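What follows is the residue order along each chain.
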Amino acid sequence: MPVPLPVPDSVPPLVEPVKRWEDGVVREVSVPPLARPVRRGSLAGIPFDNAREAPDAVVISRKRPGAGPAAKSAPSRGRSGGRNRSGGSGAEWQDITATAFADEVLAVAKGLIAEGLRPGDRLAIMSRTTYEWTLLDFAAWAAGLVTVPIYPTSSAFQVRWILQDSGAVACVVEDGIQARLISQERERLPGLTRLWTVEKGAVDSLCAAGREVQDAEVTVRRAALGPDSVATISYTSGTTGRPKGCVLTHGNFFAEVDNAIELLHPVFKAPGQARYAPATTPAAPADLADPADGSASASVTSLTPSTPSTPSDASGTLSTLLFLPLSHVFGRMVAIGCLRARVRLGHAPSIRTEDLLADLAGFRPTFLLAIPYVLEKVYNTGRATAERMGRGASFDRAARIAQAYGAAVEAAGHGEGPGPSFGLRALRALYEPLVYRRIRAALGGRVKYVICGGSPLGRRLAAFYSGAGVVTFEGYGLTETTAASTVTPPLKPRLGTVGWPMPGTSVRIADDGEVLLRGGHVFAGYWDAERGGAVRTLEPDQGSGPGSGSGPGPADERDGWFATGDLGSLDEGGYLTITGRKKDVIITSSGKNIVPAPLEDWLRAHPLVSQCLVVGDNRPYVGALITLEPEGLAHWRMMRGKQGAPLAALVHDKELRAALQRAIDEANRLVSRAESIRRFRVLEGDFTEAAGHLTPTLKLRRAAIAEDFAAEIAELYA
């Protein structure tokens, strides 16, 4: 029999969105909050709440230093309070209990205070996705600080701009390379008084420096924070200019995280845990509780679920391995959510394929946070492996069966069909051990759910993973909205859309098709260095997807709506579809308006395509620049005996161009003939962040590409 799609033991009824119709179409949808708003306290209280309520619960597993190439962090400090678990890859993961994590947060917070950092000071963090990143985030909050994430791949100019604009007084980096990069800019950063390096024992140094600081000092600083206090200044990628600092409060994160935990019940809560949290507010520091209310634990119960986490064993623990950057609000939101719900969290600093696969096999998460590229990579790698074994046709048939199965499940969820037929279930059972189990094994073997964002996943891939036994929750949001504003509702997906509004969120479509958002997760404003606070007067910046960043125009202040700069539509069920960016719209010489994103997203999913830029502004037709995906190209060469052909010759290879033309023909089916790609050019190199063609979140810097490849674009119209 086929492996059934994962369904939780008990799923409370979904709250249907309230729809507002205008002129026969849905123009606005709202979903009421599932979690009551937090009225006091801050994110700084989460580790201490966990330690009080479930001291022995495993909240984090940390890869034992030296266990593999991805383990490039500071020496173990011996505060795990838990056991070691051996993964299938042979690496060991060290369990860290709630008590142990709270103790280390406290020790580092005291060190930051001892080093002279004052409440409200900005602490920048530049690192890959490591345990220390999360530790420093919570320690900074416990010390009353504001954290400023910096992408580890940022250039010297980008780093200097963020440090200058935010007014950061201290910075923690992961390694010596990053330390040298910042050191070269120190003359231009007079306000930066401290620079610590994790590889050189920064955490131990801070813990040692804070030994004479009283715990009560941290308690006082925590108590001074509230939901309206600034938690972080998170900078957008800046596709059209300098990155802008988004001021996110502790309340923004609570509104996002608490409602996500309640909505995505099977992801964040073990069977038997109550869906609705019993209380609403993080507990106050114990020695500052109002005497009239009794003790903190009696008077104010944390929203963190009071039911203990499932046992810390390989078969039962809810867990995720985080490999997306914590400098991206999408990853940060999930990290906070895991600690809030006491879901075991791991960090994977290396995204090299071999390192990540080894970490997934060792950690064996139950859900993942991913961008479409990762799921495309797993699919394309599986297909390439099957082709090398002479089973490419069999894989393709299995893929079609999974897609049909996923579509049938979707239809049944909407009352539009009986679900997968007996014959379809039998075919799926046939390919379960041959294909689907191998796909899940590439994700660690236990993954049941994937939260996906950053760019559209697409109906084809979403249906495939659903049929293969992995439910995808696709979402949409921005840095300014503390990550997701919409997400696929559990057990009621509408594949190809980004779902319903998150609980507590309203979505409206403006007259020109722009997506407007409103809710408690919408940011306080952009950071104004001169005022030292948040303002909301800047123009939209850049692309869609959780944490991708854009900005409001003046109209967003009306009725509290935030203008995203994204174009979209709502269907009759209240599901949102994103079609592209307002600023990216191409207007051909004949006056035809074309949104390039659907074509680009479809082509990027092809195994031979790395990046695609659709062009045609003020031109007679649409063209495209295409770059080649190295692994996909290597496989294509091997299968056709062209390993020795130079790249300069391959970009003109008739067989390769024919394969790309077939992909373009498929993409063109999404649009009208006037919007279709007529000609394309294959480039020898790829678009890279180092060359200024991509943002740290891998979004296209269109103006920079158009300038650097002006000759190639001109040839498309010669």
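Residues numbered from 1 in each chain as written. Predicted model: local features only at pLDDT ≥ 70, side-chain atom pairs only at ≥ 80, totals over all residues. Heavy atoms only, no water.

**Quick word on the sheet that holds strand E29 (residues 677-682)**
Strand order in this open sheet of three strands is E27-E28-E29, and the pairing throughout is mixed. The open sheet has two edge strands with one neighbour each: strand E27 (609-615) and E29. Strand after strand, the sheet turns through a mean of 25 degrees between neighbouring axes, direction not considered. Pairing geometry for E27 and strand E28 (residues 622-628), over six bridges, is antiparallel. Pairing of Val609 across the sheet is with Leu628, part of E28. Lying on the sheet, helix H20 (residues 654-668) is in contact with E27, E28 and E29; it crosses E29 at an angle near 140 degrees. (Pairing = 2+ DSSP bridges. Helix = DSSP H or I, 4+ residues; strand = E, 2+ residues; numbered from the N terminus. Axes fitted to C-alpha atoms, helices over the stretch in contact; angles between N-to-C directions. Contact = heavy atoms within 4.5 Å.)

**Regarding the nonpolar core**
Ranked by size, the top nonpolar core spans 139 residues in total, and within it Phe101, Leu112, Phe268 and Tyr465 carry the most contacts. Counting residues per element, this core draws most heavily on helix H2 (residues 98-114), which supplies eleven residues. Ile594, Leu599, Leu656 and Ala663 belong to the second-largest nonpolar core, a separate cluster that totals 25 residues. (Core = buried A, V, L, I, M, F, W, Y, C linked by side-chain atoms within 4.5 Å. Buried < 20%, exposed > 50% of the residue type's maximum accessible area, 1.4 Å probe, protein only.)

**Describing the packing of aromatic side chains**
Ring pairs (aromatic) are described by centroid distance and by the angle formed between their planes. Counted according to the given criterion, the structure contains 15 aromatic pairs. Considering the side-chain rings of Phe523 and Phe562, the 5.6 Å spacing of their centres and the 75 degrees angle between planes classify their relative orientation as edge-to-face. Of this pair, Phe523 sits in the loop between strand E20 (514-519) and strand E21 (525-528) while Phe562 sits in strand E23 (residues 562-570), placing them 39 residues apart in sequence. With a relative accessible area of 0%, Phe562 lands in the buried category. Seen in terms of ring centroids, Tyr621 and Tyr717 are 4.9 Å apart; in terms of plane orientation they differ by 40 degrees. Their pairing is tilted. With a gap of 96 residues between them, Tyr621 in the loop between E27 and E28 and Tyr717 in the segment after helix H22 (710-715) connect regions that are remote in the sequence. Residue classification places Tyr621 among the buried residues on the basis of a relative accessible area of 18%. Site record: aromatic cluster; members linked through ring pairs are Phe101, Tyr131, Phe138 and Trp141. Of note, Lys244 hangs over the ring of Tyr526, and the distance from its end group to the ring centre comes to 5.2 Å. Of note, Arg494 hangs over the ring of Tyr575, and the distance from its end group to the ring centre comes to 5.8 Å. (Phe/Tyr/Trp six-rings, centres within 6.5 Å; stacked < 30°, edge-to-face > 60°. Lys NZ or Arg CZ within 6 Å of the ring centre and 35° of its normal.)

By themselves, these figures tell us nothing about what the structure is for.
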